[in-house]
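Listed below are the residues making up each chain.
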Amino acid sequence: MMKIRVCSLLLLTLASGAIAQVSPKLQAKLEQQARQLEPSVITWRRHLHQYPELSNREVKTAAYVAEHLRKLGLEVQTGIAHTGVVALLRTGKPGPVIALRADMDALPVTERNSLPFASKEKTTFNDQETGVMHACGHDSHVAILMAVAEILSKNKNDLKGTIKFIFQPAEEGPPKGEEGGADLMVREGVLDNPKVEVIFGLHIQGIRKLGQIAYKPAGMMAASDWFTIKVKGKQSHGAAPWLGIDPIVVSAQIINGIQTIVSRQTQLTKEPAVISVGMINAGVRQNIIPETAEMSGTIRTFDPAMQQDIHERLKRTATLIAESAGATAEVTIDRKTPVTFNDPALTEKMVASLVKAAGEENVARIPADTGAEDFAYYQQKVPGFFFFVGACPPDTDPAKAPSHHTPDFMMDERGMLTGLKAMLNVTVDYMYNKTE
C-alpha cells in the first residue's frame, strides 16, 4: 500500500512539473557533489560531537559555523537569539526565499561509549555536575546544513531566488530564567529581511532504519507543555505520621490519579496524548515527614481542544486529591512548544524530492510522533516541512537501539548523506517549481 501511494505521488508531482523543471545535469551535479563532500560532513560532525555546548551557550559551535559560511562568500549574521547564525545566499535572480534550519545545542548527558571523538565536556546544570553530549543528533544537523550551504553556493549560477541558512541555538529549551530557541529567533526577525516564503528542516533518528526518510502531513510532532505541582501538607516526625499531613503520600496519589486522565478521560481515537511525571522532590531526612513536595512533568497533545481539556483536568485532579487528604496543591502549566505542523499541500509536493534522495522503498508516511520540536514556531509563521532521516546502524535492531537523550545514543554517519541529498532536493525542487 505504501509503495503504491508514494509511486502515485511521484507521478502526480512529475505531471505537475515540480521535478521535471530541474535539469538532469544540475540534479546529477548535486548528487555527485554531495557524495564528494561526505567525508567533510563526517569530519565536521565529529568535531562538533567532541566539543558540544548546551542551549544558549553554543559560542564555539556558532563561531565554527560562521567561519565556514564566510569562506563560502555568504552574507553572515551572528548573535541572533544569543548564539544563532544566519547566512544568505542571493542568486541575483527572481525566485522564492527558502529557509533551511539546523539546531546546534547539545544535552546535559554524560556520554558512554568508546568513540575516539566522544565528548569529554563537563558542566554544571541545574546545580548538578554532568557531562555534555550531542545525544540527539544536532551535531549531524549542523554538519548537513554546512554542506548544503557549500554545495548550493558552488551552484549559485544555476539557482533562483534566495536561500536563508538558519543555525539555531536552544532547540532543547533555554536555561531556566532565559529566553531562546526558535521562538526567540522568530521574534528577532529571522523570517524577515528578506521575508521567508517556506522553511525546511530535518531530524536524524538513531532509532530508524539507516537511509529511511519518514514524514507526516499536518500534526507530525506533539505540542509540549511542562507542568509543576507543589503539594503542601504538614510536617511531622516520621514515627508519628498522624500528627501531620504527608505530602509525599498525597503526591503519589496525584501521580496515579493523573494517569487516568489519558487512560479513562481522553478520546484517544481522535488524537494521542501523554502525561508523564519526570521529577519529584521532597524531604531532607529519613525520619521527617516534610511539609512540601514538588513534582514536574510534561504533557504531549496534538489537538488544541484536547490540550486545554487535559490542562483543566490535571489541575482539578491534583487539587481535589490534595484536598481530600487535607493538603493543598498548586498547579502551574507552561506551554512550551506548539504542534510541529507540516503544511499538507507543501508536504505532498515534496514527497517526490525525498524519493529522489532515498529511493521509493525508503520513504514512509508515519503516525504522529509524541516528541516535540520547536521548528513548530517557524511553521506558525510560514509553511514548513519537517522530516526524519534514519541513521540506525545496520547491525542494530531499530526497536532496540539506544534512545535519543541517553548516554548510549549512537548514529550511523552514513545517514547524513541521505539527509544532505534530501535537503538539496527539497530546496531546488521547490525553487524551480515556484519560478516557472
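You'll find the structure just up there.
Since the model is a prediction, treat every value here as computed from it, not as a measurement.

Visitor: Help me understand the sheet that holds strand S15 (residues 328–337) in this model?
Guide: To summarise the sheet geometry, strands pair through backbone hydrogen bonds and adopt either a parallel or an antiparallel arrangement. Taken in spatial order, the four strands make up an open sheet running S12-S14-S10-S15, and their pairing is antiparallel. In this open sheet, the two edge strands, each paired with only one partner strand, are strand S12 (274–282) and S15. On average, each strand axis in the sheet is tilted by 20° relative to the strand beside it, whichever way the strands run. Looking at chain direction, strand S10 (residues 223–232) and S15 are connected through nine bridges and run antiparallel. Note on S15: the bridge partner recorded for Lys230 is Glu330. Strands in contact with helix H6 (residues 247–265) are S10, S12, strand S14 (292–301) and S15; relative to S12, the strand with the most contacts, it is inclined by about 175°. In the packing of helix H7 (residues 304–324) onto the sheet, contacts are made with S10, S12, S14 and S15, and the angle to S15 comes to roughly 160°.

Visitor: Sorry, what's going on with the environment of Val186 here?
Guide: Within the secondary structure layout, Val186 lies in helix H5 (residues 181–187). The class for Val186 is buried, based on a relative accessible area of 16%. With 70 residues separating them along the chain, Val186 and Asn256 place their C-alpha atoms 39 Å apart. Here Val186 is in contact with Leu191, Tyr377, Tyr378 and Lys381, once residues within four sequence places are set aside.

Visitor: Even after reading the chapter, I still don't get the pairing of strand S4 (residues 122–125), so can you show me in this structure?
Guide: Sheet faces and side chains relate simply in a regular strand, where the side chains alternate between the two faces. As judged from the four bridges shared by S4 and strand S5 (residues 128–131), these two strands associate in the antiparallel manner. Looking at S5, one finds that Phe125 is bridged to Gln128. Hairpin geometry of S4 and S5 is characterised by an intervening segment of two residues between the two adjacent antiparallel strands and by a positive phi of about 50° at Asn126.

Visitor: Hey, could you run me through the environment of Phe375 in this one?
Guide: Looking at where Phe375 falls in the secondary structure, it is placed in the loop between strand S17 (363–365) and helix H9 (376–379). When the C-alpha atoms of Phe375 and Ala102 are compared, they prove to be 9.4 Å apart, with 273 residues separating the residues in sequence. Beyond its immediate chain neighbours, meaning those up to four positions away, Phe375 contacts Arg101, Ile199, Phe200, Gly201, Phe385 and Phe386.

Visitor: Teacher, can you tell me more about the packing of aromatic side chains here?
Guide: Geometrically, a pair of aromatic rings is defined through the distance of the ring centres and the angle of the planes. In total, this model carries five aromatic pairs according to the counting rule given. Their ring planes at 40° and their centres at 5.4 Å tell us that Phe385 and Phe387 sit as a pair that is tilted. Ring geometry for Phe386 versus Phe388: centroids 6.3 Å apart, planes at 85°, classification edge-to-face. Each member of the pair Phe386 and Phe388 is classed as buried. Here the aromatic residues Phe375, Tyr378, Phe386 and Phe388 are joined through ring pairs into a cluster of three or more. Geometry around Trp226 places Lys336 over its ring, the cationic atom sitting 4.2 Å from the centre.

Visitor: Help me out: how do you make sense of the side chain of Arg208 in this one?
Guide: Position of Arg208 among the secondary structure elements: in strand S7 (residues 198–209). At 5.5 Å, Asp369 is the nearest oppositely charged side chain to Arg208, a buried residue that forms no salt bridge. Side chain to side chain, Arg208 and Gln205 meet in a polar contact 2.6 Å long. If we ignore the near neighbours within four places in the chain, the residues touching Arg208 are Ala214, Ile366, Phe388, Gly390, Ala391, Cys392 and Pro398.

Visitor: Looking at this structure, I do not really get the sheet that holds strand S6 (residues 162–168). What am I missing?
Guide: Taking strand neighbours across the sheet as the criterion, the eight strands line up as S1-S2-S6-S3-S7-S18-S8-S17 in an open arrangement whose pairing is mixed. The two strands at the open ends of the sheet, each matched to only one other strand, are strand S1 (75–80) and S17. Sheet twist, expressed as the mean angle between neighbouring strand axes with direction ignored, is 25°. Both strand S3 (residues 97–103) and S7 contribute to a ladder of four bridges, which runs parallel.

Visitor: So what exactly am I meant to see when it comes to H6 here?
Guide: Residues spaced three or four apart along an α-helix point in a common direction, a consequence of the helix completing one turn every 3.6 residues. Between its terminal C-alpha atoms H6 stretches 25 Å, which fits the 27 Å expected from 19 residues at 1.5 Å a residue. Among the residues of H6, Pro247, Val250, Ser251, Ile254, Gly257, Ile258, Ile261 and Val262 are the ones counted as buried. On its buried face, H6 sits against S10, S12, strand S13 (288–289), S14, H7 and S15. Where H6 begins, one side-chain oxygen reaches toward the backbone nitrogen of Ile248, 2.8 Å away; that side chain belongs to Asp246.

Visitor: In this structure, what is going on with the pattern of salt bridges? I would like to understand it.
Guide: Where side chains of opposite charge bring their charged atoms close, a pairing between them can arise. By the definition in use, this model includes 22 salt bridges. Its salt-bridge partner being Arg101, residue Asp374 comes within 2.8 Å of it at the nearest N-O pair. Remark: Arg101 occurs in strand S3 and Asp374 occurs in the loop between S17 and H9; sequence separation between them is 273 residues. Within this structure, Arg45, Arg46, Asp139 and Glu413 form a network of salt bridges that share partners.

Visitor: Before we go on, may I ask you to explain the packing of helix H3 (residues 59–71) against helix H4 (residues 138–154) in this structure?
Guide: With their axes 10 Å apart at the nearest point, H3 and H4 run at an angle of 10° to one another. Accordingly, the angle class assigned to the pair H3 and H4 is roughly parallel. Between H3 and H4 lies a crossing whose hand is right-handed. Each of Tyr64, Val65, His68 and Leu69 in H3 lies in contact with H4, whose residues at this interface are Val142, Met146, Ala149 and Glu150. Of the residues in the contact of H3 with H4, the class split is six nonpolar, one polar and one charged.

Reading the values: rules and limits
Residues numbered from 1 in each chain as written. Predicted model: local features only at pLDDT ≥ 70, side-chain atom pairs only at ≥ 80, totals over all residues. Heavy atoms only, no water. Pairing = 2+ DSSP bridges. Helix = DSSP H or I, 4+ residues; strand = E, 2+ residues; numbered from the N terminus. Axes fitted to C-alpha atoms, helices over the stretch in contact; angles between N-to-C directions. Contact = heavy atoms within 4.5 Å. Buried < 20%, exposed > 50% of the residue type's maximum accessible area, 1.4 Å probe, protein only. Phe/Tyr/Trp six-rings, centres within 6.5 Å; stacked < 30°, edge-to-face > 60°. Lys NZ or Arg CZ within 6 Å of the ring centre and 35° of its normal. Lys, Arg positive; Asp, Glu negative; His and termini not counted. Salt bridge = Lys/Arg side-chain N within 4 Å of Asp/Glu carboxyl O. Polar contact = N/O pair within 3.5 Å; in protein donor to acceptor, adjacent residues only side chain to side chain. Expected span 1.5 Å × (residues − 1). Parallel < 35°, antiparallel > 145°, perpendicular 65-115°, else oblique. Left-handed = near helix turned anticlockwise from the far one by under 90°. Nonpolar A, V, L, I, M, F, W, Y, C, P; charged D, E, K, R; others polar.

Honestly, that's just the spatial picture; any functional story needs more than this.
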